[in-house]
Amino acid sequence: MRILLVEDEEKVARFIRVGLKAERFAIDCARDGKVGLQLALINPYDLLIVDLMLPEVSGTELIRQVRRKNADVPIVVLTARDALADKVENFECGADDYLTKPFAFAELLVRVKALLRRGMVNRSNVLRIADLEIDRVAHQVRRKNTLIKLTSKEYALLEYLVTHPGRVLSRTMIIEHVWDQSFEGLTNIVDVYVRQLRAKIDEPFGKKLIRTVRSVGYTISDSEEE
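A brief look at the structure comes next. Keep in mind it's a predicted model, so treat the numbers as computed, not measured. (Residues numbered from 1 in each chain as written. Predicted model: local features only at pLDDT ≥ 70, side-chain atom pairs only at ≥ 80, totals over all residues. Heavy atoms only, no water.)

1. With respect to the overall build of the protein
Which entries qualify depends on this criterion: Where helices and strands are cited, they refer to DSSP runs of H or I of at least four residues and of E of at least two residues respectively, numbered from the N terminus. Here the globule rule reads 2.2 Å times residues to the power 0.38, and the radius of gyration is calculated from C-alpha atoms. Here's how the labels work: a residue is buried when its accessible area is under 20% of the maximum for its type, exposed when over 50%, partly exposed in between, all with a 1.4 Å probe on protein chains only.
Along its length, the protein carries 8 helices and 12 strands. For 226 residues, the compact-globule estimate of 2.2 N^0.38 gives 17 Å, and the C-alpha radius of gyration of the protein, at 19 Å, lies within 12% of that figure. Based on the C-alpha atoms only, the size of the protein along its principal axes is roughly 60 × 40 × 30 Å. By the burial criterion, 47% of the 226 residues in the protein qualify as buried.

Structural data, given as structure tokens:
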């Protein structure tokens, strides 16, 4: 799952980013409201975390504009402003939750997971390809009912493939989604992780799900074809 964090305090942003990455979320970060709004309107995020006191465009205005285009994405406000009037205004603009600073990461994580569960009412939170199953809330992977232990990057790679079944994903697309940045000239890192993933979810179970499309990238499907 991919989250957009819009936060201008570097220490706070780093703290949240590290914590959420440890929980196997892919994170994009914006340091001001203008960039955050552009990213929110262009990309299909699963959830937004938004500070209110931002340069360029306020968090409140960002929420208001996002809601005009996207009525469904969950939005968490994270701010030092704790006045009731601020809470009312931002809930009316479209925020789903409101957490004041200072905060405990454990509380933020609980709220994020609760909103993601609610936000996936119309999207299955369990993904399946053949006998492979991914629980997107618990971040657990099973094949033939056997629990498979994956690293955070292996999980993110597998989830990205499974959310696009049958679609060929280029190495560059995978890098940008799973690693949250561009590794120009280093796309062979994808090949390394695909080999590791295959060793865990394909080789012990006989039937191959992950396939290589020569000179293009990778795909996952239940097809018998190579």
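2. Section: the sheet that holds strand β10 (residues 169-170)
Counted only if it meets this: Any two strands between which DSSP finds at least two bridges are classified as paired.
Ordered by their spatial adjacency, 3 strands build an open sheet running β10-β12-β11, and the pairing between neighbours is antiparallel. Each edge of the open sheet carries a strand with a single partner, namely β10 and β11 (210-213). Pairing geometry for β10 and strand β12 (residues 217-220), over 2 bridges, is antiparallel. In the strand pairing of β12, S170 is matched with G217.

3. Notes on the packing of aromatic side chains
Note the threshold: In summary, the pairing rule links any two rings of Phe, Tyr or Trp, Trp by its six-membered ring, whose centres are within 6.5 Å, and it sorts them by plane angle into stacked for under 30 degrees, edge-to-face for over 60 and tilted for everything else.
One pass over the full model with this rule turns up 3 aromatic pairs. With centroids separated by 6.0 Å and ring planes inclined at 75°, the aromatic side chains of F15 and F105 adopt a geometry described as edge-to-face. Here the residue F15 occupies a position in helix α1 (residues 10-22), and F105 occupies one in helix α5 (residues 105-119), the gap between them amounting to 90 residues. You can call F15 partly exposed: its relative accessible area is 42%. What makes F105 buried here is its relative accessible area of 17%. Geometrically, the ring pair formed by F91 and Y98 is tilted, given 6.2 Å between the ring centres and 45° between the ring planes.

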